[in-house]
Amino acid sequence: MAWFKRTDKGIQTSTEDKKDTPKGLWYKTPSGKIIDTEELKRNLYVSPEDGYHVRIGSKEYFELFFDENKFKELDATLTSKDPLKFEDTKKYPDRLKAAQEKTKLNDAVRTAVGLSLGKEIVIAAMDFAFIGGSMGSVVGEKIARAIDYSIKNKIPFLMISKSGGARMMEASLSLMQLVKTSAKLAQLAEVNIPYISLCTDPTTGGTTASYAMLGDINIAEPNALIAFAGPRVVKDTTGKDLPEGFQKSEFVLEHGFLDAIYERKNLKKQINLYIDLIQNIPVRA
């Protein structure tokens, strides 16, 4: 029975020969399921074990929606200023710089135009990694300009929301973006150009109170948090226990605030189907 006994006491590997386990090889979902990260990527960042939709950003959504991942980015160089000279634990410019260096993004939304199933579409996709996907002046301006591009070129518009709400470092200036983007969407509706709103995890605060809920069709990914105030705030305010799954996309759909929920693998086909039906044109295969 010597095969399970240690013949040499102590760890014999020298320090310089030790190898660390590479980081990022596995992903653990909230339910405890573990999946290889390469397999997760091949599966559009959806766990095949339990269907959990991992948060992704504009890069991954552009890859998902644009044919062959070919697109022209709009207003890529816009960056936020600091007119209020805001400072909390950091000065706002320092926080912006840190977020830009960490994410390699200029702000919390990217806008682009390209082909999706062979037909042009304008997409605005938010990035939660950039200061919680918060909506500041640049986010509002880029969305407004993307809508202008849709109107000028008569191209359908898709908004992919993923946000913690308005950016507190810009105070009332961030709240102005609710009105600004909503007014632009009204102009889009006046010229009968389709607008599809896709809510992903999380879609909260001023985002929900404006463009995220103004689509001709409002859809979401499974199990996405969709709310104005988060569950903890609502519970503390009302002093009541909340229903199970409160503010998840399935609960929101059941109570009439969404039109449908689609798994990520079906989004491209379903959104383009809606566009064809709204425009009353032959449905693309």
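This structure is a prediction, so every number in the text was calculated from the model and none was measured. Within every chain, residues take consecutive numbers counted from 1 along the sequence as written. Whole-chain, interface and lining totals are the exception, using all residues; otherwise, since this is a predicted model, local features are given only for residues with pLDDT of at least 70 and side-chain atom pairs are given and counted only at 80 or more. The side-chain quantities take in all heavy atoms of the structure and omit both hydrogens and water.

Participant: Give me the lowdown on helix α5 (residues 171-190), citing residues and values where you can.
Facilitator: If you check α5, its first and last C-alpha atoms are 31 Å apart, about what 20 residues at 1.5 Å a residue would give, namely 28 Å. Working definition: with a 1.4 Å probe on protein chains only, accessible area under 20% of the residue-type maximum means buried, over 50% means exposed, and in between means partly exposed. Under the DSSP-based scheme used, a helix requires at least four consecutive residues in state H or I and a strand at least two consecutive residues in state E, with every element numbered from the N terminus. Turning to α5, its buried residues number three or more, namely S174, Q177, L178, T181, K184, L185 and L188. Viewed end-on, α5 has its buried residues packed into an arc of 145 degrees, placing them on one side of the element. Away from the buried face of α5 by more than 90 degrees, exposed residues L175, V179 and E190 are located. Residue contacts are counted whenever heavy atoms from the two residues lie within 4.5 Å of one another. Summarising the contacts, the buried residues of α5 are in contact with α4 (137-153), β6 (157-163) and β7 (195-203). An expected span of 1.5 Å times one less than the residue number is assigned to each helix. By arc we mean the arc of the directions from the helix axis to the C-beta atoms, nothing more.

Participant: Could you give me a rundown of unusual backbone geometry, with the residues and numbers involved?
Facilitator: Cis geometry marks the peptide bond from D201 to P202, where omega comes out at -5 degrees. Its place among the elements puts P202 in strand β7. Here K104, not a glycine, exhibits a phi torsion of approximately 65 degrees, which is positive. Within the secondary structure, K104 is located in the loop between α3 (92-103) and β4 (109-116). The exposed category is assigned to K104, whose relative accessible area is 68%. Phi is positive for A171, close to 45 degrees, though the residue is something other than glycine. Mapped onto the elements of the fold, A171 is located in helix α5.

Participant: So what about the sheet that holds strand β5 (residues 119-126)? Which residues, and what values?
Facilitator: The sheet built from seven strands is open, its strands ordered β3-β4-β5-β6-β7-β8-β9 with mixed pairing. Single-partner strands in this sheet number two, and they are β3 (71-74) and β9 (260-261). In this structure, β4 lies alongside β5, joined through eight bridges in antiparallel fashion. Bridging from a neighbouring strand, G114 pairs with I121 of β5. As a rule, the C-alpha atoms of each element are fitted with a line to give its axis, helices using only the stretch in contact, and angles between N-to-C directions run from 0 to 180 degrees. Packed on one face of the sheet, helix α2 (residues 58-65) meets β3, β4, β5, β6 and β7 and runs near 10 degrees to β4. Strand pairing is assigned whenever DSSP identifies at least 2 bridges connecting the two strands.

Participant: I'd like a rundown of α4, residues and numbers included.
Facilitator: In this model, α4 (17 residues) spans 24 Å end to end at C-alpha, consistent with the 24 Å of a helix rising 1.5 Å per residue. Turning to α4, its buried residues number three or more, namely V138, V139, G140, K142, I143, A144, A146, I147 and S150. Where α4 is buried, its residues touch β3, β4, β5, β6 and α5. Just downstream of α4 lies K154, where phi reads positive at about 55 degrees.

Participant: Can you explain the nonpolar core? Please cite residues and give values.
Facilitator: Counting residues in hydrophobic clusters, the biggest one holds 27 residues, and the most contacted among them are V139, I143, F157, M159 and Y211. Listing elements by their share of this core, those giving two or more residues are α3, β4, β5, α4, β6 and α5. In terms of residues, this core owes the most to one element, α4, which gives four residues. Every residue in contact with F157, bar those within four places of it in the chain, is listed here: V122, A124, I143, A146, I147, S150, L185, L188, P194, Y195 and I196. With 22 residues, the next largest nonpolar core counts I121, A125, A260 and I275 among its residues. Here, nonpolar core refers to any group of buried Ala, Val, Leu, Ile, Met, Phe, Trp, Tyr and Cys residues whose side-chain atoms link them within 4.5 Å.

Participant: Any details on the pairing of β5? Residues and values, ideally.
Facilitator: With six of eight residues buried, β5 lies mostly within the body of the structure. Here β4 folds back onto β5, and the loop between the two strands holds two residues, one of which, L117, carries a positive phi near 55 degrees. In the classification by handedness, the crossover that spans β5, the intervening α4 and the parallel β6 is right-handed. We call a crossover right-handed when, viewed with the strands running away from us, the connection from the first strand over the helix to the second turns clockwise.

Participant: An account of the packing of α4 against α5 is needed here, citing residue identities and associated values.
Facilitator: Direction vectors running N to C along α4 and α5 enclose 10 degrees, while the axes themselves pass 8 Å from each other. By the criterion of interaxial angle, the relationship of α4 to α5 is roughly parallel. Of the residues in α5, those in contact with S137, G140, E141, I143, A144, I147, D148, S150 and I151 of α4 are L173, Q177, K180, T181, K184, L185, Q187 and L188. Taken together, the residues that form the contact of α4 with α5 break down as seven nonpolar, six polar and four charged. What sets the label is the angle itself: under 35 degrees gives roughly parallel, over 145 gives roughly antiparallel, 65 to 115 gives roughly perpendicular, and the rest give oblique. Residue polarity is assigned by list, with Asp, Glu, Lys and Arg as charged and Ala, Val, Leu, Ile, Met, Phe, Trp, Tyr, Cys and Pro as nonpolar; anything else, Gly included, falls into the polar class.

Participant: Outline the environment of E141, listing residues and values.
Facilitator: Note that E141 resides in helix α4. Residue classification places E141 among the partly exposed residues on the basis of a relative accessible area of 24%. Put simply, E141 and Q177 are 36 residues apart on the chain and 7.8 Å apart in space, counted from C-alpha to C-alpha. When sequence neighbours within four positions are dropped, the list of residues in contact with E141 reads L78, Q177 and K180.

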